[in-house]
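Residue-level structure breakdown
One-letter residues, chain by chain:
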Amino acid sequence: MLNAVELVRPGEERWDSARAAWNLAVDQRPAVVAHPGDADGVAAVVNFARENGLRVAVQAEGHGAGALAAVSEDTLLLKTGRMTGADIDVENRRARVGAAAKWRDVSALASPRGLAPLSGSSPEVGVVGYTLGGGQGWLSRKHGLACNSVLAAEVVTADGEVVRASRENEPDLFWALRGGGGSFGAVTELEFELHPAGEVYAGMLAWPWERAADVLHAWGEWVSGVPNELSTLARILQVPPLPDIPEPVRGRQLVVIEGAYLGPEGPAGELLRPLRDLRPELDTFAAVPPAALGQLHMDPEDPVPFATCGQMLGELPPAAIDAIIEAAGPGSSSPLLSFEVRQLGGALTVPPPDAGALATLDQPFLTFGVGVIMDPGAAGPINRQLDVVADALKPWDSGVRLANFVDVPIDARVCYPPETFDRLQEVKRRYDPDDLFRANHPIPTPAATVPQQL
């Protein structure tokens, strides 16, 4: 039954590499790791797991693995890494990708043709997992969440069937997959829209972090008036002194504003003038191809051990900016590599027709902090500092979370309105009543009602 599927078991030579997550601080210890090569192989693995009393956790590279409860001996880790591949239909502005395709695979095809997917900040993140969790990136203020650009998905369900989910076929499953996460099946192929991006003006402005107060306060006032074509974020960045980092920023402590404008340099330059008037030490803004957006945020290309936190803020008044600076800026003794605030709004607040489970993000700002755990002793200080920053922002915390930006287990109810969560549970009950699939931020199967004993 599993002749075409590579299995790796505990004790074998490749065991540690096979079970590894992208976050090297996450220790996954499943019963077995399976590497299928196509949808039929995935179906065979799902049937094998079900028949042997195992649950199934699906991963490509293992991004977001920290959000799983511990992957242990009751779980089969289904790695889709052999299922790469991407192709695009330029005329109809569509892309189709395999289960393990990364955003760089799509951008490499789309960018030369003046098209762009609704990808995130890192080209190394898998398309499928990012999209199932919602997907917020540089073009989201103009075009909305990536999950709502999905046109169809090929899915292996808990009974081992390969189905196509679209508006016309399996519409409830199609709705749930668009922002509801991976609790409903193993997605083996995804089709989605591409968007015109003939002209993009993007880059970063950087100052010594001693100027964090005036730069961040100016940014906080400025963002309220920018158009949807422009997305920016502000971050406090402590760059490690590594030899492969460019000299101008190596070992520096900086306050940085990154941005991407969907359009030509002229209007973008006018919009950026108030920030440039602050005389940044570095200014890398330039006309770039859409694919260059994947390098803008300087995300790591290889797995690293790290810890993160993230919140969605209902507002960002001057007092909140002061709290961020006190908790992560000069004088804070913060060990964090980066703490950022992303501007949301725009199209993210407008539900598209026939949206999926995650229709909008109504909060105006998203925060994300990260520390790299270079040695075991660094984990404690980094996690404590993440708590310090989160506590400092509690007065403005909306309580809502975007699953893509939370790498620890949470109750998925905080990601959706109550009626959406209830509907997701009903889809889970229909497609995976025995809770075979173990997903990040899982949607649990509704508990059976037990009659009370008189």
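Attention in this report is confined to the structure presented alongside it.

**Overview of the overall build of the protein chain**
Secondary structure assignment for the protein chain yields 12 helices and 19 strands. Relative to the globule expectation of 22 Å for 454 residues, the C-alpha radius of gyration of the protein chain, 22 Å, shows essentially globular dimensions. Seen through its C-alpha atoms, the protein chain measures out along the principal axes to roughly 65 × 55 × 55 Å. Expressed as a percentage of the 454 residues in the protein chain, the buried residues total 55%. Excluding contacts between residues fewer than 6 apart, the proportion of contacts in the protein chain whose partners are at least 24 apart in sequence is 73%. When the accessible surface of the protein chain is summed, it comes to about 19200 Å², and 51% of that surface belongs to carbon and sulfur atoms. When the 36 positive and 59 negative side-chain charges of the protein chain are each reduced to one mean point, those points stand 1 Å apart.

**Comments concerning the pairing of strand E2 (residues 32-35)**
Burial of the side chains of E2 extends over both faces: Val 32 and Ala 34 are buried on one face and Val 33 and His 35 on the other. Direction of pairing for strand E1 (residues 6-8) relative to E2: antiparallel, over a ladder of 3 bridges. In the strand pairing of E2, Val 8 is matched with Val 33. When E2 meets strand E4 (residues 75-79), the two strands line up parallel, connected through 3 bridges. Within E4, the residue paired with Ala 34 across the bridge is Leu 78.

**Description of helix H7 (residues 212-222)**
Within H7, burial applies to Ala 212, Val 215, Leu 216, Trp 219, Gly 220 and Trp 222. Looking straight down H7, one finds its buried side chains confined to an arc of 165 degrees; they lie on one side.

**Focus on the pattern of salt bridges**
For the structure on display, the rule yields 30 salt bridges. The salt bridge involving Arg 273 is made with Glu 270; its shortest N-O contact spans 2.7 Å. Linking Arg 273 with Glu 270, this pair stays in helix H8 (residues 265-276), spanning 3 residues, or about one helical turn. Its salt-bridge partner being Asp 435, residue Lys 428 comes within 3.2 Å of it at the nearest N-O pair. Taken together, the shared-partner salt bridges in this structure form one network comprising Glu 61, Lys 102, Arg 104, Asp 105 and Glu 124.

Cut-offs and rules
Residues numbered from 1 in each chain as written. Predicted model: local features only at pLDDT ≥ 70, side-chain atom pairs only at ≥ 80, totals over all residues. Heavy atoms only, no water. Helix = DSSP H or I, 4+ residues; strand = E, 2+ residues; numbered from the N terminus. Rg over C-alpha atoms; globule rule 2.2 N^0.38 Å. Buried < 20%, exposed > 50% of the residue type's maximum accessible area, 1.4 Å probe, protein only. Contact = heavy atoms within 4.5 Å. Areas by Shrake-Rupley, 256 points an atom, 1.4 Å probe, with all protein chains shown as cover. Lys, Arg positive; Asp, Glu negative; His and termini not counted. Charge placed at Lys NZ, Arg CZ, Asp CG, Glu CD. Pairing = 2+ DSSP bridges. Arc of directions from axis to C-beta. Salt bridge = Lys/Arg side-chain N within 4 Å of Asp/Glu carboxyl O.

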